[in-house]
Amino acid sequence: MTIEEGWEQIRPNPESVLTVGTFDGVHLGHAAIIQFLKQRAGVIGGVSTVVTFDPHPREVLTQQPQGLLSTIRERAVYLEHLGLDRMVVVPFTREFAETPPEEYIRRYLVDKIGLKALVIGHDHRFGRGREGGFSLLRQKGPDFGFETYEIPAQMVSDEVVSSTVIRRYLKKGQVEEATRLLGRPYEVRGVVVVGRKLGRTIGFPTANMFIEHPRKILPANGSYAVTATLESGVHLQGMAYVGRRPSVESNGERGLEVNLFNFSDNLYQQTVKVYFHAFIRPDERFGTLALLQEALKKDEMDCKAYFSSLY
């Protein structure tokens with residue numbers, strides 16, 4: 001898959017069969033769009049292309065930080081796994097957002113990116129004030145020589161699949177529900193940094209994670225059953241803690257710590273991918289380290305029981 005990031009790198013390709021959207025999370029709804037996109041590209045001999053945005057449009061439009069289900073780097077990995085040919089990353093700015101819909105079609109889709117066909121989701125809107133939609137694309141497509149297709153909303157267990165719903169689940173710690181809509185466990189990656197090394201003194205050494213992107217969403221505070229992939233490619237089971245460590249700090253920063261089962265090697269400065277499988281318990285403050293240690297022992301038992309139940 002080729003990646004063109006920023007207007008200076010984007011080269012128009014008139015053979016593109018493209019879809020446009022943020023594609024945050026690349027969930028099952030997005031996967032359905034990509035599947036149809038690839039089918040159309042195969043039929044008409046085109047190049048399957050996703051146009052995505054950075055930063056998230058909502059952050060620019062509201063001037064408020066927007067949590068991300070997937071970074072651009074993660075998005076690229078997920079899209080490549082789906083068999084996409086080309087990923088175009090458009091810088092989302094206020095000026096770009098204010099482009100009138102018809103000018104947006106001509107200036108960006110046709111002239112700067114190029115297209116042979118366009119596939120959009122059921123709720124896709126574009127241009128100034130989100131004035132543009134499917135009807136305008138169908139109207140203008142023949143003028144510029146491209147076809148337009150609309151994909152209906154995708155459902156899982158009678159629920160519409162959307163990034164908003166997945167964020168809501170993560171905010172509640174409902175990572176299993178998020179997995180259903182993503183089609184895979186929710187992933188957070190980061191670099192292992194030196195912590196206070198308190199965990200090892202009570203028998204639970206943890207890898208303290210510096211999250212690679214400041215907008216990356218962490219699930220609700222609490223303990224989770226997780227798996228992790230190391231730089232070596234080794235995949236391990238473990239448990240993770242998300243929170244401010246109220247048992248050992250009075251005003252700690254919210255973060256992620258991971259304890260990997262049957263593993264004791266040094267991970268400092270390694271990038272680790274953590275996958276959230278199940279919520280174990282909410283965060284709480286323990287009055288002594290002994291009580292914290294007992295809670296961690298139970299967490300470990302509960303996590304191992306969860307993984308055992310899968311086989």
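Conventions adopted
Residues numbered from 1 in each chain as written. Predicted model: local features only at pLDDT ≥ 70, side-chain atom pairs only at ≥ 80, totals over all residues. Heavy atoms only, no water. Salt bridge = Lys/Arg side-chain N within 4 Å of Asp/Glu carboxyl O. 1 Å grid on protein atoms, 1.4 Å probe; cavity = no way out; pocket = protein on both sides within 12 Å on 5 of 7 lines; lining within 4 Å. Points joined across faces, edges and corners; volume = space filled by probe spheres on them. Helix = DSSP H or I, 4+ residues; strand = E, 2+ residues; numbered from the N terminus. Nonpolar A, V, L, I, M, F, W, Y, C, P; charged D, E, K, R; others polar. Phe/Tyr/Trp six-rings, centres within 6.5 Å; stacked < 30°, edge-to-face > 60°. Buried < 20%, exposed > 50% of the residue type's maximum accessible area, 1.4 Å probe, protein only. Lys NZ or Arg CZ within 6 Å of the ring centre and 35° of its normal. Pairing = 2+ DSSP bridges. Right-handed = clockwise from strand over helix to strand, strands pointing away.

Engineer: So what's going on with the pattern of salt bridges? Which residues, and what values?
Structural biologist: By the definition in use, this model includes 21 salt bridges. Each member of the salt-bridge network shares a partner with another, and the members are R73, E74, E187, R189, E212 and K216.

Engineer: Summarise the layout of surface pockets; cite the residues concerned and give the values.
Structural biologist: Considering only enclosed or pocket space, the largest pocket measures out at about 1,000 Å³ in volume. G21, T22, D123, H124 and R130 are the residues nearest the centre of the largest pocket, which is lined by 39 residues in total. Contributing elements (two or more residues each) for the lining of the largest pocket: β2 (16-20), α1 (28-44), α2 (57-62), α4 (94-97) and α7 (163-171). Looking at the lining of the largest pocket, its residues break down into 16 nonpolar, 16 polar and seven charged.

Engineer: Explain the packing of aromatic side chains to me, using residue names and the numbers behind them.
Structural biologist: What the rule picks out here adds up to 14 aromatic pairs. Each ring, one from Y104 and one from F126, has its centre 5.0 Å from the other, and the planes form 25 degrees; the classification is stacked. Residue Y104 is found in helix α5 (residues 101-113), and its partner F126 is found in the loop between β5 (117-121) and α6 (134-144); the two are separated by 22 residues along the sequence. The pair Y104 / F126 is uniform in exposure class, with both members buried. An aromatic cluster is built from W7, F53, F92, F96, Y104, Y108 and F126, whose rings are joined through pairwise contacts. Sitting above the plane of the Y78 ring, R184 keeps its charged end 3.6 Å from the centroid. Taking the ring centre of F261 as reference, the NZ or CZ of K304 above it sits at 5.0 Å.

Engineer: Any details on the pairing of β2? Residues and values, ideally.
Structural biologist: With respect to burial, β2 is a largely interior element, five of its five residues being buried. Here β2 shows two buried faces, one formed by S16, L18 and V20 and the other by V17 and T19. Pairing geometry for β2 and strand β3 (residues 47-54), over five bridges, is parallel. Bridge assignment links V20 to a residue of β3, and that residue is V51. After leaving β2, the chain enters α1 and then returns to the sheet as β3, a path that is right-handed. The sheet contact formed by β2 and β5 spans two bridges and is parallel. Bridge pairing links V17 to A117 in β5.

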